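# Analysis of the macromolecular model
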There are 2 protein chains.
Amino acid sequence: MALVAGTTRTARIDGISAAGADADLRDHTPSADAELLAYGRPVYAPAVPVSPTGCPTPALVTRAVRELVGFEATTVDAGLAEPTAAPTVGVGADPGGDIREPGPVPGAAEIIEKSIKIGKILSDSNILVGETVPGGTTTALGVLAALGDRFGVSSSLPENPVALKAEVVEAGLAASDLAPGDAAGRPVVAVREMGDPVLAAAFGLARGAIDAGVRVTLAGGTQMLAVAGLLRHAGVDAPLTVATTSYVADDDTAEVRAAADAFDVDLAVTDPGFGGADHPVARYARGEAKEGAGMGGALMRAEREGVPMAAVRERVRTLYGEVVDGA
Amino acid sequence: MALVAGTTRTARIDGISAAGADADLRDHTPSADAELLAYGRPVYAPAVPVSPTGCPTPALVTRAVRELVGFEATTVDAGLAEPTAAPTVGVGADPGGDIREPGPVPGAAEIIEKSIKIGKILSDSNILVGETVPGGTTTALGVLAALGDRFGVSSSLPENPVALKAEVVEAGLAASDLAPGDAAGRPVVAVREMGDPVLAAAFGLARGAIDAGVRVTLAGGTQMLAVAGLLRHAGVDAPLTVATTSYVADDDTAEVRAAADAFDVDLAVTDPGFGGADHPVARYARGEAKEGAGMGGALMRAEREGVPMAAVRERVRTLYGEVVDGA
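Residues numbered from 1 in each chain as written. Chains lettered and ligands numbered in written order. Predicted model: local features only at pLDDT ≥ 70, side-chain atom pairs only at ≥ 80, totals over all residues. Heavy atoms only, no water.

### Considerations on the overall build of chain A
Of regular secondary structure, chain A possesses 12 helices and seven strands. Sequence-distant contacts, at least 24 apart, represent 78% of the contacts inside chain A between residues at least 6 apart. Here chain A displays about 11,100 Å² of accessible surface, and carbon together with sulfur accounts for 45% of that area. When the 26 basic and 43 acidic side-chain charges of chain A are each reduced to a single mean position, those positions are 3 Å apart. (Helix = DSSP H or I, 4+ residues; strand = E, 2+ residues; numbered from the N terminus. Contact = heavy atoms within 4.5 Å. Areas by Shrake-Rupley, 256 points an atom, 1.4 Å probe, with all protein chains shown as cover. Lys, Arg positive; Asp, Glu negative; His and termini not counted. Charge placed at Lys NZ, Arg CZ, Asp CG, Glu CD.)

What follows is the structure in structure tokens.
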């Protein structure tokens with residue numbers, strides 16, 4: 001798994017993201033997620049990321065599956081804002097700007113070029129590409145709008161702030177002097193003007209891996225559908241799978257299946273069954289967090305390896321006890 | 001293996017280092033070494049590092065052993081000056097300054113603190129700590145002088161520029177307002193005023209691993225003896241091994257055994273037998289490169305795993321053909 005981790009100033013907009021207890025902690029979320037994936041606990045990060053209500057980061061679930069299944073994982077630094085102790089591969093990315101201003105990812109072309117090289121060299125016979133970037137569904141909506149494929153995106157909040165996202169994207173298109181669809185067939189422009197560095201790097205990685213003949217699974221929700229859109233607009237016609245959670249797939253505010261159809265993507269949906277538990281992870285079933293840090297891809301991996309979801313839930317509870325309660 | 005990779009402006013002094021064909025390429029050497037170790041070939045780096053006469057970097061040997069033996073490897077970014085495609089762990093380090101100016105490693109305390117955390121978390125049952133930093137034997141001499149243990153250091157050049165190094169260290173002590181031995185018992189001061197960020201990080205990593213109960217082998221030559229000195233001056237009395245090549249151990253200009261005795265270090269010396277070959281690596285036996293990028297530790301590992309040195313030489317020649325001749 002390549003976890004593409006970065007930040008965008010778009011996440012600073014009030015009410016846009018639940019990927020962190022507050023705006024300052026949200027800057028730490030991708031760095032902390034990378035540490036969780038690599039080591040199973042925060043090292044430099046102040047704490048395990050939780051939502052404002054205490055729902056733990058999906059990286060905890062990805063790590064739990066990793067402990068059960070044992071897949072290799074590398075983090076790509078696609079604009080981290082805070083230090084991480086996890087090993088990271090650099091692709092020349094800085095934190096992304098607010099999409100309401102012109103050119104939030106001025107280095108998009110370089111990030112993509114470097115990520116293509118990394119995608120070619122990292123790749124085994126198959127690769128999962130995941131993401132962690134607070135505010136990432138809003139930038140995904142921005143990219144989809146620029147491409148002219150404006151499917152509704154999901155949210156880490158139980159109440160998707162749909163109107164706010166639409167407003168932010170309108171402001172972004174205006175600031176970049178783009179009409180919807182103006183970046184059709186021009187993925188670099190779409191990411192540079194309306195995206196974030198994580199979308200740039202995930203697109204490049206997937207493209208490089210596909211060029212090297214590797215089977216790519218995009219592990220995530222509507223952000224990964226935006227990456228699929230970028231690949232299609234770049235003329236890539238290789239088979240693509242997006243592996244996500246039931247919490248994203250069941251989100252009525254997101255047009256997951258319509259986007260998957262439009263981009264000719266196989267959808268693999270896994271339900272970890274967190275709902276019944278008397279535990280903070282039960283909030284996933286009430287629409288919090290939903291997905292991220294490769295969670296959907298990790299769950300798919302667990303299912304394919306025959307690891308029962310009960311074992312995943314058990315490992316998540318144990319990890320939570322060690323690194324959230326125990327901290 | 002943790003490969004601690006960084007740079008110091010001290011390497012820009014004319015005639016001080018052969019770790020790169022010229023001063024500009026020397027800035028790329030640690031980044032390229034990390035790529036070789038991780039992937040077996042340069043990715044972002046312009047070429048495989050060679051000395052001015054074409055002798056290949058010791059990282060090629062470390063990689064060859066890794067392909068034969070299969071050990072895990074992580075690079076620590078201890079002040080890289082150029083991008084690397086290898087996964088790196090950050091410890092908050094910037095490139096080091098010229099030791100002839102005051103405070104060449106102003107962030108030494110933070111680098112050490114973070115590296116201790118990394119040493120604790122990276123560690124398995126045992127760890128090899130290697131280094132790649134052009135100019136590193138001169139900064140090692142500087143640190144040894146500051147500690148008051150002025151043993152002669154080795155060189156990547158066939159003719160060790162002993163007088164030049166002594167002159168640079170004198171200028172450094174004067175600039176830092178230190179007499180030899182003034183930093184005895186104060187390893188942070190020794191590194192901050194006379195060292196480089198790689199020595200800071202290697203010291204911290206080793207200390208963290210030892211604190212976690214892990215057996216540490218310092219893989220390298222006189223730079224690693226300087227790290228052992230820093231550990232002893234910090235009051236660490238755990239057993240320490242320095243694993244190096246016969247090319248360093250046989251260097252009459254370096255006081256390898258005297259330093260090992262003084263710091264109560266076990267010396268493990270391995271001879272890869274490069275001398276007989278009609279190949280650029282034969283230059284090792286004529287005193288070029290000699291060691292670096294964990295080469296001595298990797299060779300020790302090969303020996304302990306029963307891999308014949310003939311197989312190592314064969315793999316080195318194959319790799320050289322692929323990534324130097326073939327490039």
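### Description of the interface of chain A and chain B
The figure often quoted for interface size is the accessible area lost as the parts come together. With 19 residues of chain A at the interface, the matching set in chain B holds 19 residues. Taken over both partners, the interface formed by chain A and chain B buries close to 1,500 Å², and the fraction arising from carbon and sulfur atoms is 65%. At the junction of chain A with chain B, the criterion picks out three residue pairs in polar contact (both at pLDDT 80 or more). Where the side of chain A that touches chain B is concerned, the elements lending two or more residues are β3 (88-90) and α3 (108-122) of chain A. (Buried area = accessible area lost by both parts, 1.4 Å probe. Polar contact = N/O pair within 3.5 Å; in protein donor to acceptor, adjacent residues only side chain to side chain.)

### Section: the side chain of T29 of chain B
All names here are of chain B. With respect to the helices, strands and loops of the structure, T29 is situated in helix α1 (residues 23-39). Accessibility expressed as a relative area gives 4% for T29, which makes it buried. If near-sequence neighbours (up to four positions away) are discounted, T29 is found in contact with A19, G20, P49, T132 and P134. (Buried < 20%, exposed > 50% of the residue type's maximum accessible area, 1.4 Å probe, protein only.)

### Here we look at helix α7 (residues 197-211) of chain B
All names here are of chain B. For α7, which comprises 15 residues, the first-to-last C-alpha distance of 21 Å matches the rise-based estimate of 21 Å (1.5 Å per residue) to within 8%. Burial of α7 is extensive: 13 of the 15 residues sit out of reach of the surface. Taking the backbone nitrogen of V198 as reference, a side-chain oxygen 2.8 Å away marks D196 as the first, capping residue of α7. In the stretch just after α7, G213 is the one whose phi turns positive, near 80 degrees. (Expected span 1.5 Å × (residues − 1).)

### Structural notes on the layout of surface pockets
Considering only enclosed or pocket space, the second largest pocket measures out at about 670 Å³ in volume. If you go around the second largest pocket, you meet 30 residues; those closest to its centre are D77, T88 and G90 of chain A together with D77 and T88 of chain B. For the lining of the second largest pocket, the secondary structure elements donating two or more residues are β3 of chain A together with β3 (88-90) of chain B. (1 Å grid on protein atoms, 1.4 Å probe; cavity = no way out; pocket = protein on both sides within 12 Å on 5 of 7 lines; lining within 4 Å. Points joined across faces, edges and corners; volume = space filled by probe spheres on them.)

### Focus on helix α4 (residues 136-147) of chain A
All names here are of chain A. Taking 1.5 Å of rise per residue, 12 residues should cover 16 Å, and α4 covers 16 Å from first to last C-alpha, within 8% of that figure. In terms of burial, α4 is largely enclosed, as 12 of its 12 residues are buried. Along α4, the positions that sit buried rather than exposed are G136, T137, T138, T139, A140, L141, G142, V143, L144, A145, A146 and L147. Turning to α4, the residues buried within the fold contact α5 (162-175), α6 (187-194), α7 (197-211) and α8 (222-233). Phi turns positive one or two residues past the end of α4, at G148, with a value near 85 degrees.

### Remarks on the packing of α4 of chain A against α5 of chain A
All names here are of chain A. Running from N to C, α4 and α5 point in directions that differ by 50 degrees, and their axes come no closer than 9 Å. In terms of orientation, α4 lies oblique with respect to α5. Every pair of crossing elements has a handedness; the one defined by α4 and α5 is right-handed. Residue-level contacts link T137, T138, L141, G142, A145 and A146 of α4 to K165, A166, V168, V169 and L173 of α5. Counted by class, the contact of α4 with α5 contains seven nonpolar, three polar and one charged residues. (Axes fitted to C-alpha atoms, helices over the stretch in contact; angles between N-to-C directions. Parallel < 35°, antiparallel > 145°, perpendicular 65-115°, else oblique. Left-handed = near helix turned anticlockwise from the far one by under 90°. Nonpolar A, V, L, I, M, F, W, Y, C, P; charged D, E, K, R; others polar.)

### Some details on the nonpolar core
Nonpolar side chains tend to gather and get buried jointly when the protein is soluble and globular. Of all hydrophobic cores here, the largest spans 73 residues; its most connected members are V129, L218 and L231 of chain B. Look past the residues within four positions of L218 of chain B in its chain and what remains in contact with it is V129, A206, M224, V227, A228, L231, L240, T241, V242 and A243 of chain B. In terms of nonpolar packing, the next biggest core, distinct from the first, is built from 72 residues, I111, V133, A145 and L147 of chain A among them. (Core = buried A, V, L, I, M, F, W, Y, C linked by side-chain atoms within 4.5 Å.)

### Observations concerning the relation of the copies chain A and chain B
Superposing chain A onto chain B takes a rotation of 180 degrees combined with a translation of 0.0 Å along the rotation axis, leaving an RMSD of 0.0 Å. Taken together, the rotation and translation describe the operation of a two-fold axis. In this assembly the copies share their binding face: 100% of the residues contributing to the interface of chain A also contribute to that of chain B. (Least-squares fit on C-alpha atoms with pLDDT ≥ 70 in both.)

### As for the packing of α4 of chain A against α6 of chain A
What describes two packed helices is the angle between their axes and the distance between those same axes. All names here are of chain A. Viewed as axis vectors pointing N to C, α4 and α6 meet at an angle of 135 degrees, and their least axial separation amounts to 9 Å. As summarised for this structure, α4 and α6 are arranged oblique, according to the angle between their axes. The way α4 lies across α6 gives a crossing that is right-handed. The residues of α6 that touch α4, namely those facing T139, G142, V143, A146 and L147, are P187, A190, V191 and M194. Split by residue class, the contact of α4 with α6 holds seven nonpolar, two polar and no charged.

### Points about the confidence of the model for chain A
Taken residue by residue, chain A gives an average pLDDT of 95. The fraction at 70 or more is 100%. Scoring the predicted complex yields pTM 0.94 and, for the interface, ipTM 0.90. (pLDDT = per-residue confidence, 0-100.)

### Looking at the pairing of strand β6 (residues 240-245) of chain B
Within a regular beta strand, the side chains point alternately toward one face of the sheet and then the other, so they alternate between its two faces. All names here are of chain B. In terms of residue burial, β6 counts as a mostly covered element, since six of its six residues are buried. When strand β5 (residues 215-219) meets β6, the two strands line up parallel, connected through three bridges. Considered in β6, the bridge of T217 is made with T241. This β-α-β element, β5 to helix α8 (residues 222-233) to β6, shows right-handed connectivity. Across six bridges, the pairing between β6 and strand β7 (residues 265-270) is parallel. Residue L240 lies in a different strand from β7, and its bridge partner there is V265. (Pairing = 2+ DSSP bridges. Right-handed = clockwise from strand over helix to strand, strands pointing away.)

### Things to note about unusual backbone geometry
Residues and elements named next belong to chain B. Positive phi is not limited to glycine here, since D177 has a value of about 55 degrees. Within the secondary structure, D177 is located in the loop between α5 (162-175) and α6 (187-194). Its relative accessible area of 68% is what places D177 among the exposed residues. Even without being glycine, A293 reaches a positive phi, approximately 50 degrees. Looking at the element boundaries, A293 is found in the loop between β7 and α11 (295-304). Using a relative accessible area of 3% as the deciding quantity, one classes A293 as buried.

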